[in-house]
Amino acid sequence: MSADLLVSVLKRAVARGATAADGFLIEEKHFSGMVRLGQVDTVSHADDRRLSLRVFVGQASAAASTSDLSRDSLEHVVDEATALARITAPDQFAGLPDPGALIEGLPDLDLSDPGGHDLSPEEKLALAQRAEAAALAEHAEITNSEGAEFFDRQARYAYATSHGFAREYATSSFGITASPVASRNGDMQRDSWYSTARKRARLEDPETIGRTAARRAVRRLGGRKVKTTEVPVVFDPENAASLLRALAGAASGPSLYRRASFLLDRLGTRVAAPSVTLIDDGTLPGALGSRPFDGEGLATRRTALVQDGVLQSYLLDTYSARKLGMTSTHHAVRDGSGVSVSTTNLMLQPGTASPRELIASVKNGFYVTELIGFGVNGVTGDYSRGAAGLWIENGELAYPVEEVTVAGNLLAMFAAVEGIGNDLVLRDRTVSPTLLIGRMVVAGN
Amino acid sequence: MTDSALVRPEHFFSDRFNVTPSLMETVLGGALKGRVDDADIYLEYRINEELVLEEGSVKKASRHVSQGAGVRAQAGTRTGYAHTDDISLKNLEEAARQARAIADRATATTALATQGAGRPHDLYTLEEPPILTDLARKLELLRKVDAAARAADPRIKQVIASVASEEVVTLIATVTGWTVGDVRPLTRLNVTTIAEENGKREIGTYGGGGRVPFDFFLADERWKRFATESARQATLKLTAVDAPAGTMTVVLGPGWPGILLHEAIGHGLEGDFNRKGVSAFAGRIGQQVASELVTVVDDGTIPNRRGSLNVDDEGTPTGRTVLIENGVLRGYLQDKLNSRLMGMAPTGNGRRESYAHPPLPRMTNTFMLAGQDDPADVLKSVKHGLYAVAFGGGQVDITSGKFVFSASEAYLIEDGRIGAPVKGATLIGNGPDALTRVSMVGGDLKLDEGIGTCGKDGQSVPVGVGLPTIRIDAMTVGGTAV
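The rules behind these values
Residues numbered from 1 in each chain as written. Chains lettered and ligands numbered in written order. Predicted model: local features only at pLDDT ≥ 70, side-chain atom pairs only at ≥ 80, totals over all residues. Helix = DSSP H or I, 4+ residues; strand = E, 2+ residues; numbered from the N terminus. Buried ≥ 20, exposed ≤ 12 C-beta atoms within 10 Å, placed from the backbone. Contact = placed C-beta atoms within 7 Å. Pairing = 2+ DSSP bridges. Domains from an automatic or database assignment. Nonpolar A, V, L, I, M, F, W, Y, C, P; charged D, E, K, R; others polar. Axes fitted to C-alpha atoms, helices over the stretch in contact; angles between N-to-C directions. Parallel < 35°, antiparallel > 145°, perpendicular 65-115°, else oblique. Left-handed = near helix turned anticlockwise from the far one by under 90°. pLDDT = per-residue confidence, 0-100.

S.K.: Help me get a handle on the overall build of chain A, residues and values and all.
M.R.: In terms of regular secondary structure, chain A is built from nine helices and 20 strands. Reported as C-alpha extents along the three principal axes, the dimensions of chain A are approximately 70 × 55 × 35 Å. Across the 445 residues that make up chain A, the buried fraction comes to 57%. Long-range pairs, those at least 24 residues apart, make up 73% of the contacts in chain A between residues at least 6 apart in sequence.

Structure (structure tokens):
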């Protein structure tokens, strides 16, 4: 039904003078229930739809979207998009993907869990309550809470082109988060832990989430600043994943054709230590980042971005690929202003050492468990972010550290990878094992 | 949509959706009155338009329409929120039922919220809202920006310039019978440049705007200044040396570096975090949290500013709230829920990204008042330190108080003089004591150009900041030069 609506909209665009058009329709239902200190805090229900349209008039194009799916409004949006496309400049690289390249069947990636949503709001809130209760009970120093949340989301995605292609698929997602607050002698620290999955049954149990969050908060108590120094830095899996996201950003087509990327002209060259293999795989059944096709109807696939330290592929949609003289890698996503690119399931391949062994290999260094701020320059790779974590002394986690920064350059950092943990868990869209980087500057006193 | 329809939100929603204030009252009264502490309906209609120039021509244009209604019911500390993007009586009633379900399970504890007090301001009525300005004029401006940025320096190899315009029409009805509407124009011109020399590349970005007409960009050739500033930043960074690492004296330039205040204290003074006792500032009203030179206000009533509002998203007129007065913590930023629970007055800071989100206490325009020092003397007073004049984003951990903000244009200070430009670096500090080390405050208070967007709980809202030149005696700079 979603696809039918899209097809009728695209027909109108052609009738108004568009030479080609494509559209994406997202419909979703969302529930979120938050509890705090055992009491229900905020419950919200949402019911959203958004239709995004891209219209080509010859080689010129424009995008439009609306949350109002009434007939009048849709007609208006089509007319406006077509009018906008008449004022933009022609672009020889603009256009839909070759129809022959579009996905043929529709693989069942097992992304939906219709039965998983069949809980009453009370039962959903009870899951959040269990997570928070476990956090509060875990340690005497857990004295407060920012709350715990359960959410679930059912979505339906449809894509169609004016050439007659139309496909749709449905997804589910579920999540539980707990954010307890620990305190000791006036020092207060918050941390959180979460689980998210396409199947409700695959969520970590609420007690594990609560206890993990509590332990993360308590271990930050009593943090101190260290003296400014250059040392090995170990990133825990959550924070190592943020380094992968930064690398993927620099590998994205729009950054490259704008020459705003430190990975420009580096395809086929060494960009990381030989131990680094970075895979993007949108075809994994039941995974959070999986999708059968991208935002332009191209089948998702498994891509090695970096293989044994060598940059093997960029992340491209049809437009950026044509600009770069390449072909799409099927990473298009629809966003507010048209098409951009994103990863699917992005994973740094694990090594053999346990996290404990990686830490034990460091005589004097920093184990990072929290990063804040936006100090990553995608053009140069220069990297400087606020950090908190634990200091490593003689291979042991010795004491908590806060109010410091870690700085370097992403290319130098990936070249200096000296250890990759064996602790990869596909618990989110971008995941990493524990990562040891040989040298970074830690700024403090 | 025609411009005349924009003038009166009450008419706009009744004409378009047959939803009148009296109908909203009926929904609120029938479903919610007497069973909750507070309830409201928020209607919103929004148009966004963006034109993007890259490689010398505008190849990207987009237009987005969104509309919807959010219904909220509150009892005690509980909030029920439901929204729909199909504005109709049936859906409003269903949303009210969902919102009430949560509030029903609590006992309403206190008296009904007070009726919205005071009249809304009139801060940004425009003869021609930017969304209605001819596309041809916007295209022309972007082409001129492109030429100006390229002409500024031959090393500029890429220019990405955009004009974004927005118009939001809202109508808010509360359970106490208060109905208020607002029409909010917003526009922004942004210029990103990439400079290249000898295989090195750097990025510059500059821009501005506000709740202003399109002609704002033409006045005093503002567009040209944005273009040349962006180009200057990008080319300057080609010669930047590694930023220092460690704790040193930092001088912040006027204007946008006021993001320091937003991160260091602003978020920590939002009512929700303080009611819950999870802010590093909780329970510290009346205490010295900054040097005596420091007075910080949040002011949502400055005409035409990006962070200003006639009324907040709960219908409360915005105000000017003194957060820190001569170093002493004076007040919090409040929405209705948290002010009711804390026994304080709402300050007009209840804001939401859209109808799809419940309101939260948020900042508007946050700035430090001017001091007595000559900015030149502030620089001269520093033997060795960092002078930072432009920043990217920032972030704060409310509970520990640790905050960061990232300099995108900064220089070494040597013997009181501005020295070599340094690469971008993150500055880190602790909110409750960072401002105690402010030892000089210039007389040159400047508000930013109108580019700020603040994120909290996944909700983005436009904000402003401002600062005079200040000296901070010790702050940790996260560079790589040890």
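S.K.: Provide a residue-level description of the pairing of strand S8 (residues 296-299) of chain B, including the pertinent values.
M.R.: All names here are of chain B. Across the two faces of S8 the burial is the same, with Val 296 and Asp 298 and Val 297 and Asp 299 all buried. Relative to strand S9 (residues 320-325), S8 is paired through four bridges, and the arrangement is antiparallel. If you follow Val 296 over to S9, its bridge partner there is Ile 324. Two strands pair when backbone bridges link them, and S8 and strand S13 (residues 365-368) are joined in this way by three bridges, in the antiparallel orientation. Looking at the pairing, Asp 298 lines up with Thr 366 of S13.

S.K.: Pulling in residues and values, what's your account of the domain arrangement of chain A?
M.R.: All names here are of chain A. Looking at chain A, the domain boundaries give domain 1 (2-218), domain 2 (229-242 + 350-443) and domain 3 (245-346). Contact with domain 1, which involves 25 residues of that partner, is made by 22 residues of domain 3. Elements represented by at least two residues in the side of domain 1 that touches domain 3 include exactly strand S2 (39-57), strand S3 (60-66), strand S4 (142-161) and strand S5 (166-184). With three residues, the single largest contributor to the side of domain 1 that touches domain 3 is S5. Per-class residue counts for the side of domain 1 that touches domain 3 are 15 nonpolar, five polar and five charged.

S.K.: How would you explain the interface of chain A and chain B if you had to name every residue and give the values?
M.R.: Contacts between chain A and chain B engage 63 residues on the former and 66 residues on the latter. Where the side of chain A that touches chain B is concerned, the elements lending two or more residues are S2, S3, helix H2 (71-87), S4, strand S6 (187-190), strand S16 (382-393), strand S17 (396-409) and strand S20 (435-443) of chain A. The pairing of S2 of chain A with strand S3 (residues 78-84) of chain B spans six bridges and is classified as parallel. Bridging from a neighbouring strand, Thr 42 of chain A pairs with Thr 79 of chain B of S3 of chain B.

S.K.: Run through the packing of helix H1 (residues 2-15) of chain A against H2 of chain A, naming residues and quoting values.
M.R.: Residues and elements named next belong to chain A. In contact at an axis separation of 9 Å, H1 and H2 are set at 45 degrees when each is read in the N-to-C sense. With respect to H2, the axis of H1 lies oblique. As H1 packs across H2, the resulting crossing turns out to be right-handed. Here Val 9, Arg 12 and Ala 13 of H1 lie close against H2, whose contacting residues are Leu 74, Glu 75, Val 78, Ala 81 and Thr 82. Among the residues making up the contact of H1 with H2, the classes are represented as five nonpolar, one polar and two charged.

S.K.: Got a sec to walk through the sheet that holds strand S11 (residues 310-311) of chain A? Specific residues and values, please.
M.R.: All names here are of chain A. Strand order in the open sheet made by the five strands is S11-S10-S9-S14-S19, with mixed pairing throughout. Strands at the two margins of the open sheet, each flanked by one partner only, are S11 and strand S19 (430-431). The sheet contact formed by strand S9 (residues 278-281) and strand S14 (residues 346-348) spans three bridges and is antiparallel. Residue Ile 279 lies in a different strand from S14, and its bridge partner there is Met 347.

S.K.: Can you lay out the packing of helix H5 (residues 135-152) of chain B against helix H6 (residues 222-238) of chain B for me, pointing to particular residues and giving the numbers?
M.R.: Residues and elements named next belong to chain B. Running from amino to carboxyl end, H5 crosses H6 at an angle of 40 degrees, the nearest separation of the two axes being 8 Å. As judged from the angle between their axes, H5 and H6 are oblique. When you trace H5 past H6, the crossing you get is right-handed. Residues Leu 141, Lys 144, Val 145, Ala 148, Ala 149 and Ala 152 of H5 form the contact with H6, whose participating residues are Trp 223, Lys 224, Ala 227, Thr 228, Ser 230, Ala 231 and Arg 232. Looking at side-chain class alone, the contact of H5 with H6 contains eight nonpolar, two polar and three charged residues.

S.K.: Explain the pairing of strand S16 (residues 417-422) of chain B residue by residue, including any values.
M.R.: The side chains of a regular strand alternate between both faces of the sheet. Strand direction decides the pairing type here: strand S15 (residues 402-414) of chain B and S16 of chain B, joined by four bridges, are antiparallel. Of the residues in S16 of chain B, the one forming a bridge with Ala 410 of chain B is Val 422 of chain B.

S.K.: Quick one: what's the story with the domain arrangement of chain B, residue by residue and with numbers?
M.R.: All names here are of chain B. Considered domain by domain, chain B is made up of domain 1 (3-238) and domain 2 (245-478). Taking only C-alpha atoms into account, the centre of domain 1 sits 23 Å from that of domain 2. Elements supplying a minimum of two residues to the side of domain 1 that touches domain 2: strand S1 (38-54), strand S2 (57-75), S3, strand S4 (156-174), strand S5 (179-197), strand S6 (200-210) and H6. With six residues, the top contributor of residues to the side of domain 1 that touches domain 2 is S2. Considering only residue class, the side of domain 1 that touches domain 2 consists of 13 nonpolar, 17 polar and 12 charged.

S.K.: Summarise the confidence of the model for chain B; cite the residues concerned and give the values.
M.R.: Residue and element names in this part refer to chain B. Of all residues in chain B, 95% attain a pLDDT of 70 or more, and the chain-wide mean is 92. In this model residues 1-6 is a low-confidence stretch, pLDDT under 50, and it forms 10 contacts with partners more than four residues away in sequence or in other chains. Low pLDDT, under 50, characterises residues 110-114; the stretch is placed with 10 contacts to residues that sit more than four places away or in other chains. Confidence estimates for the predicted assembly give a pTM of 0.95 and an ipTM of 0.93.

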